[in-house]
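An overview of the molecular structure
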Amino acid sequence: MKRIIIGILILALAILPLAGCTTPVSAPSDTTPVEPVVEEPEPVVEEPEPVVEEPEPVVEEPEPVVEEPEPEPTTGYARSNPAPISTELFIEDEWFGDIYEFNITLLEIVRGAKAWSRIEEANMFNDPPPSGFEYILAKIRVEYVEGPTPDTSFWLTPYDFTAISSEGKEYEGEATVCPEPQLDADLYPGASHEGWAAFVVAVQDNKPLLTFGRDFRGRGGAWWQLY
């Protein structure tokens, strides 16, 4: 038995060197090319930024302002629009808080040498007009329509009327004895009178005016062309 064991050991020792010198046989290699795995990136989907459309500012254009022309004053009731000869005008005149109503008509005018001839004939003591001036005689009819009371009279004289130059200057009144009938009467409502009144105007003033019933500041009243 001992010999058998020794023989196995000797045999094992003999085999070991042979095993160490043995070249290992490698397995045949696979020559099939391996395709590289390319991982395609997931497409990046860029979401568009929301477009916020700002509303265009609304510019409200102002409506054009149409200036309406001022209405022209009624004929005969403004210095800028006097009435022609033979026009009857109704006028309310205030005296010390009382209202007097009249219908007044400028009937006729005479100017220059003819007017002076009549005035000189009416009274020899009448003065001739100053240099550069001449007379105008105006025949005026006044109807006293209504007063504060039926028994309130009105004293009508030439000084109730005033001549105004075409440039807007008031002419001074002259103490002149006028031809008959003179514009001088004491009237009650319902009565009327017509007569002559005299005015002195510049010779070069071709378009003087006649007025009645203005207030103390020269406003209002009735206006006629004294030409």
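Structure's up top.
Residues numbered from 1 in each chain as written. Predicted model: local features only at pLDDT ≥ 70, side-chain atom pairs only at ≥ 80, totals over all residues. Heavy atoms only, no water.

Some words on the pattern of salt bridges
Under the definition given, this model contains 4 salt bridges. With its nearest N and O atoms 3.8 Å apart, the salt bridge here joins K139 to E194. In this pair, K139 sits in strand β3 (residues 133-146) while E194 sits in strand β7 (residues 192-202), placing the two residues 55 residues apart along the sequence. A relative accessible area of 31% means that E194 is categorised as partly exposed. (Salt bridge = Lys/Arg side-chain N within 4 Å of Asp/Glu carboxyl O. Helix = DSSP H or I, 4+ residues; strand = E, 2+ residues; numbered from the N terminus. Buried < 20%, exposed > 50% of the residue type's maximum accessible area, 1.4 Å probe, protein only.)

With respect to unusual backbone geometry
Here the residue pair E180 and P181 is connected by a cis peptide bond, since its omega of -5° sits within 30 degrees of zero. Tracing the backbone through its elements, the reader meets P181 in the loop between β5 (161-164) and β6 (185-187). With a phi angle near 80°, S86 is a residue other than glycine that sits in the positive phi range. One can find S86 in the loop between α1 (2-21) and β1 (88-95). Judged by its relative accessible area of 53%, S86 falls in the exposed class. With phi around 50°, F96 is a residue other than glycine that occupies positive phi space. Its place among the elements puts F96 in the loop between β1 and β2 (98-111). Judged by relative accessible area, which is 82%, F96 ranks as exposed.

Describing the nonpolar core
Ranked by internal contacts, the top residues of the largest apolar core, which has 28 residues, are F102, I104, I140, F161, L210 and W224. The dominant element in this core, judged by the number of residues it contributes, is β3, at 5 residues. Ignoring any residue separated from it by four or fewer positions in sequence, one finds I104 in contact with T87, E88, L89, I91, I140, R141, V142, F161, F212 and W224. Counting 9 residues, the second largest nonpolar core, distinct from the first, contains I119, L137, A198 and V200. (Core = buried A, V, L, I, M, F, W, Y, C linked by side-chain atoms within 4.5 Å. Contact = heavy atoms within 4.5 Å.)

Thoughts on the sheet that holds β5
Pairing in this open sheet of 3 strands is antiparallel, and the strands run β5-β8-β9 from one edge to the other. Strands at the two margins of the open sheet, each flanked by one partner only, are β5 and β9 (222-225). For this sheet, the mean angle separating the axes of adjacent strands, direction not counted, is 25°. (Pairing = 2+ DSSP bridges. Axes fitted to C-alpha atoms, helices over the stretch in contact; angles between N-to-C directions.)

Quick word on the pairing of β3
Both β2 and β3 contribute to a ladder of 10 bridges, which runs antiparallel. Looking at β3, one finds that I109 is bridged to A138. As paired elements, β3 and β7 share 11 bridges and run antiparallel to each other. When the sheet's bridge partners are listed, Y135 is paired in β7 with V200.

Everything listed is a geometric property; what it means functionally is a separate question.
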